[in-house]
Amino acid sequence: MNIFMAFKMAVDSVWSSKIRSLLTMLGIIIGVASVIILVNIVTAATLSMRTQLESMGTNLIQVTINNRGWGQTRSVSVKDIEQLTEENADLFSAVSPVVSGMGTIKYGTENVNTSITGVSETYIDIRSLEVEEGRFISENDIDNRSNVVVIGEYIRKQLFGTESPVGQTVKINNEKFTVIGLLKAASTNSSAGSSDDVMLLPYSRATRLVRNANINSFVVSAVSSDYMSEATDAIDNFLYKKFKSDDSYFVFNTAELIDTIDDALGVMSLLMAGIAGISLVVGGIGIMNIMLVTVTERTREIGIRKSIGAKRKSIITQFLIESAVISCIGGIIGIVVGVVGSYFVCRAMDMGAVPLSEQATVILGSFAFSALIGIFFGLYPANKAAKLNPIDALRND
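Residues numbered from 1 in each chain as written. Predicted model: local features only at pLDDT ≥ 70, side-chain atom pairs only at ≥ 80, totals over all residues. Heavy atoms only, no water.

Another aspect to go through is the overall build of the protein chain. Summing up its helical and strand segments, the protein chain has 13 helices and ten strands in all. Across the protein chain, the fraction of contacts at a sequence separation of at least 24, relative to all contacts at a separation of at least 6, is 79%. Of the roughly 20600 Å² that the protein chain leaves accessible, carbon and sulfur atoms contribute 56%. (Helix = DSSP H or I, 4+ residues; strand = E, 2+ residues; numbered from the N terminus. Contact = heavy atoms within 4.5 Å. Areas by Shrake-Rupley, 256 points an atom, 1.4 Å probe, with all protein chains shown as cover.)

Quick look at the pairing of strand β7 (residues 175-183) now. As paired strands, strand β4 (residues 131-134) and β7 are joined by three bridges and run antiparallel to one another. Among the inter-strand pairings, V131 is bridged to a residue of β7, identified as L183. Two elements, strand β5 (residues 148-151) and β7, share four bridges in a ladder whose sense is parallel. The residue of β7 that forms the bridge with I151 is L182. (Pairing = 2+ DSSP bridges.)

Take the confidence of the model for the protein chain next. A residue-level look at the protein chain finds 88% of positions with pLDDT of 70 or above and a mean pLDDT of 81. Across the protein chain, the element-wise mean pLDDT spans from 58 in helix α13 (residues 390-395) up to 94 in strand β8 (residues 199-202). (pLDDT = per-residue confidence, 0-100.)

Another point: the packing of aromatic side chains. Aromatic ring pairs are reported here in terms of the distance separating the ring centres and the angle at which the planes meet. Overall, the coordinates contain four aromatic pairs when judged by the stated rule. Relative to Y249, the ring of F243 lies with its centre 6.4 Å away and its plane at 35°, an arrangement referred to as tilted. Judged on exposure class, the residue F243 and its partner Y249 are both buried. Seen in terms of ring centroids, Y343 and F344 are 5.3 Å apart; in terms of plane orientation they differ by 85°. Their pairing is edge-to-face. A relative accessible area of 36% means that Y343 is categorised as partly exposed. (Phe/Tyr/Trp six-rings, centres within 6.5 Å; stacked < 30°, edge-to-face > 60°. Buried < 20%, exposed > 50% of the residue type's maximum accessible area, 1.4 Å probe, protein only.)

A few words now on the side chain of S221. You can see S221 is positioned in strand β9 (residues 217-222). Within the local environment of S221, its side chain forms a polar contact with the side chain of S93, the two groups lying 2.6 Å apart. Contacts of S221, omitting those with residues within four sequence positions, involve N59, L91, F92, S93, A94 and I126. (Polar contact = N/O pair within 3.5 Å; in protein donor to acceptor, adjacent residues only side chain to side chain.)

Turning to the pattern of salt bridges, a few remarks are in order. The tally for this structure, following the rule as stated, stands at five salt bridges. In this structure, D80 and K242 form a salt bridge, with 3.7 Å as the shortest nitrogen-oxygen distance. Taken together, the residues D80 in helix α3 (residues 78-87) and K242 in helix α8 (residues 228-243) connect sequence positions 162 residues apart. (Salt bridge = Lys/Arg side-chain N within 4 Å of Asp/Glu carboxyl O.)

Let's shift gears to the packing of α3 against α8. Relative orientation of the contacting elements α3 and α8 amounts to 140°, with a least axis distance of 11 Å. In terms of orientation, α3 and α8 fall into the oblique class. α3 and α8 meet at a crossing whose hand is right-handed. Across from D80, I81 and L84 in α3, the residues of α8 making contact are I235, F238 and K242. Grouping the amino acids of the contact of α3 with α8 by side-chain chemistry returns four nonpolar, no polar and two charged. (Axes fitted to C-alpha atoms, helices over the stretch in contact; angles between N-to-C directions. Parallel < 35°, antiparallel > 145°, perpendicular 65-115°, else oblique. Left-handed = near helix turned anticlockwise from the far one by under 90°. Nonpolar A, V, L, I, M, F, W, Y, C, P; charged D, E, K, R; others polar.)

Shown next, in the form of structure tokens:
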């Protein structure tokens, strides 16, 4: 018997017992679909986090100073950091202090509780922001401690609706500020806590508004992502000389953070795939059970084939192909269920759908594993069928 004939017989066998075949495939279908859905959820989360981090800038370095316990004798000023970047112009392109706090912005009867972020005029370039209307904070605003503010799309929608906010007077913590700019929306879904829920002030004014004279955070941009390591080391060495301890500051860059997240979620993806893969093993056991039943039902047929000259190899091939066909059909159905299911699950979790190109590896891997499961668990029934004595098989009723 050639392979084509064995394949045709296998398909006929599956088709003649549709319900039993479907129930046999169920474990494979659930297993493959589970693997794809779980891995795609992790992949979607990874892509979402990567997009958010990359939107901050792939050459962004964040510096946080924690000089508690050192008193006022050891600290880093804005001028110190600016001088460092100027002396290393081959590594750094810009630097901005960051002053953070919470506040309430009010316009008319509407108000929004949000974060207050004090920055310099270079912040727009460091974070790759765009101004939709008006202008960004200028150097004069910082020097004069001007009561001006740039808001995000979420703040605009909550306070002004469709009205232009530029030139309007708002109250931030009961102090009057003029809206000088509106940032371009970072996403189509501007919501609380998103990148569009932002309020930017001159850092010199923000220190007074949040009642914190110490500026302990900075964002620095390297000239390019190729110089991230050297730029990070330069800041680290500078701060270590200042504080004589690496416990007094924290320096990290987005490239390292992206790599760390990719590694962590990669491990989680493998773990989830392994857990879901248990269903495939269970499905394989189901295939083995059904194939054993099939061998029993077709004992007389096997006896006839062996008595007219069918070789052991031919019998094994036939049953292995039948087992693989059941498993592969289940795998294909599972892939369809998994791809469609993961799309709706990701959308329900407010994550972007994973492109098919990103799913190719897990789809092909799941299909190959399901085929191997069918062959592996079909081996014992096939071998049992091949070992049947033709005389005993012919006597079977």
